[in-house]
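Secondary and tertiary structure notes
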Amino acid sequence: MEAWLYETLQDQRVRCRLCSHMCVIGNGKRGICGVRENRDGALETRVYGRLIAAGDDPIEKKPLFHLMPGSRSFSIATVGCNFKCRFCQNADIAQMPSDRNGMVAGDEATPQQVVAAAERKGCASIAYTYTEPTVFFEFACDAAQLAHGRGVKNVFVTNGYMSAEALQRISPWLDAANVDLKAYSDDFYKRQCGARLEPVKETLRRMKRLGVWVEVTTLIIPGLNDDPMELSRLAAFIAKDLGAETPWHVSRFHPTYQLTDRGSTPVSTLIQARDIGMTAGLKYVYTGNIPGQGGEDTICPGCRQTVIARRGFHIIDNRVQKGRCSGCGTVIEGIGM
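Here we take up the sheet that holds strand β2 (residues 14–16). The strands making up a sheet associate through backbone hydrogen bonding, with each pair oriented either parallel or antiparallel. Overall, antiparallel pairing links the three strands, which are arranged β1-β2-β3 in an open sheet. Looking at which strands have only one partner, the edges of the open sheet turn out to be β1 (6–8) and β3 (24–25). As judged from the three bridges shared by β1 and β2, these two strands associate in the antiparallel manner. Pairing of Glu7 across the sheet is with Arg15, part of β2.

A separate point is helix α9 (residues 267–279). With 13 residues, α9 extends 19 Å from end C-alpha to end C-alpha; this agrees with the ideal 18 Å at 1.5 Å per step. Buried within α9 are the following residues: Thr269, Leu270, Ala273, Arg274, Ile276 and Gly277. One face of α9 carries all of its buried residues, which in axial projection span an arc of 160 degrees. Away from its buried face by more than 90 degrees, α9 exposes Ser268 and Thr279. Next to the buried residues of α9 lie β13 (213–220), α8 (228–242), β14 (248–252), β15 (285–288) and β16 (298–299). Count one or two residues on from α9 and you reach Gly281, which has phi positive near 100 degrees.

To continue, consider the packing of aromatic side chains. Applying the stated rule across the entire model yields nine aromatic pairs. Feature note: the residues Phe83, Phe87, Tyr161, Phe188 and Tyr189 constitute an aromatic cluster, connected by ring pairs. The residue whose ring lies beneath Arg169 is Trp4, and the NZ or CZ to ring-centre distance is 4.1 Å. Between the NZ or CZ atom of Arg310 and the centre of the ring of Phe65, over which it lies, the distance is 4.0 Å.

Within the fold, Asp175 resides in the loop between α5 (164–170) and β12 (176–180). No salt bridge is formed by the buried Asp175; its nearest oppositely charged neighbour, Lys153, is found at 4.1 Å. In terms of polar contacts, Asp175 uses its side chain to reach the backbone amide nitrogen of Asn154, at 2.8 Å. Not counting the four nearest positions on each side in its chain, Asp175 is found in contact with Val152, Lys153, Asn154, Val212, Trp213 and Ile335.

Here the focus is the sheet that holds strand β10 (residues 125–128). Spatially, β7-β8-β10-β11-β12-β13-β14-β15 is the arrangement adopted by the eight strands of the open sheet, whose pairing is mixed. If you trace the sheet from one side to the other, it starts and ends with β7 (53–58) and β15, each paired once. Mean inter-strand twist for the sheet, computed between neighbouring axes without regard to direction, equals 20 degrees. Note that β7 and strand β8 (residues 72–77) share six bridges and pair antiparallel. Following the sheet pairing, Ala54 is matched in β8 by Ile76. Sheet strands touched by α9: β13, β14 and β15. Its angle to β14, the strand with the most contacts, is close to 170 degrees.

Counting residues in each nonpolar core, the largest one holds 90 residues, and the members touching the most others are Phe87, Ile126, Tyr128, Leu181, Tyr189, Leu204 and Trp248. Sequence-distant contacts of Trp248, defined by excluding residues within four places in its chain, comprise Val216, Thr218, Leu231, Leu234, Ala235, Ile238, Ala273, Gly277, Leu282, Tyr284, Val285 and Tyr286. Membership of the second largest hydrophobic core comes to ten residues, among which are Tyr284, Val307, Cys325 and Ile332.

Cut-offs used in this document
Residues numbered from 1 in each chain as written. Predicted model: local features only at pLDDT ≥ 70, side-chain atom pairs only at ≥ 80, totals over all residues. Heavy atoms only, no water. Pairing = 2+ DSSP bridges. Helix = DSSP H or I, 4+ residues; strand = E, 2+ residues; numbered from the N terminus. Expected span 1.5 Å × (residues − 1). Buried < 20%, exposed > 50% of the residue type's maximum accessible area, 1.4 Å probe, protein only. Arc of directions from axis to C-beta. Contact = heavy atoms within 4.5 Å. Phe/Tyr/Trp six-rings, centres within 6.5 Å; stacked < 30°, edge-to-face > 60°. Lys NZ or Arg CZ within 6 Å of the ring centre and 35° of its normal. Lys, Arg positive; Asp, Glu negative; His and termini not counted. Salt bridge = Lys/Arg side-chain N within 4 Å of Asp/Glu carboxyl O. Polar contact = N/O pair within 3.5 Å; in protein donor to acceptor, adjacent residues only side chain to side chain. Axes fitted to C-alpha atoms, helices over the stretch in contact; angles between N-to-C directions. Core = buried A, V, L, I, M, F, W, Y, C linked by side-chain atoms within 4.5 Å.

Here is the structure:
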């Protein structure tokens, strides 16, 4: 299928305008994502309707804690990614084209089938996740538009590197996003991900301006992005540029893929990161991948009582009524709270 958002150049080259890499792709070549290919001067997507993963998850797994808590989300992905994260947790599918000689695997599906499956399983949303949804943008857009018309929400779990043009195009149907803000260092982005920091920050700002509900996740990696001063700057950016109501998830790293030279994140580091976020003025800061440590609960910003108690991806108590704390009446921001 012919891709969207590209322009033709001389000598049968094309410039892809889907993400902030703005790849210039020669005839017969693919972009950084490994799934958009120049064929005789026309850019084609190799992954339209080729799903490598599909199934329903708790919305809390995305993680999205302020979008219809306790609901299920039908989650889909194709292969490919426009980042080259050395710590990729889904490298077997995200990095398949680059690691396996251009291989593109997946089962055929239509947008109609995806929306029907979401409805059949009782899912309140569709999550475009596991790999980077920007690289299967055309399919995501078609499915999202259909889902929107059926009253099903749409969620991107993303690295935030899509172009302004791409975000604008999908924004009418995009309800929420969890965006990885992987560090607050351009050097980290260049060395560990093959990308840059500023485009991600700008995507986050644009999402907020477009009315997309945003939650931010940072995987804390020992020795790479766990400096307290850097985390303070990151938290301050969220509070100032996105708003104090923006949830921040700080998650535990485990050695994986190409980054196996260090151990898992100490629990104390995650607790310190949470404290840093709260000190910066953020209302909702959560710790991830350390269940049972108390950092998964939603605390009322007013009375400081637990309003949503969680264990892992499951809600065990919910005291939010019509978007407010049942104890003191303070607004608990989000969608369908």
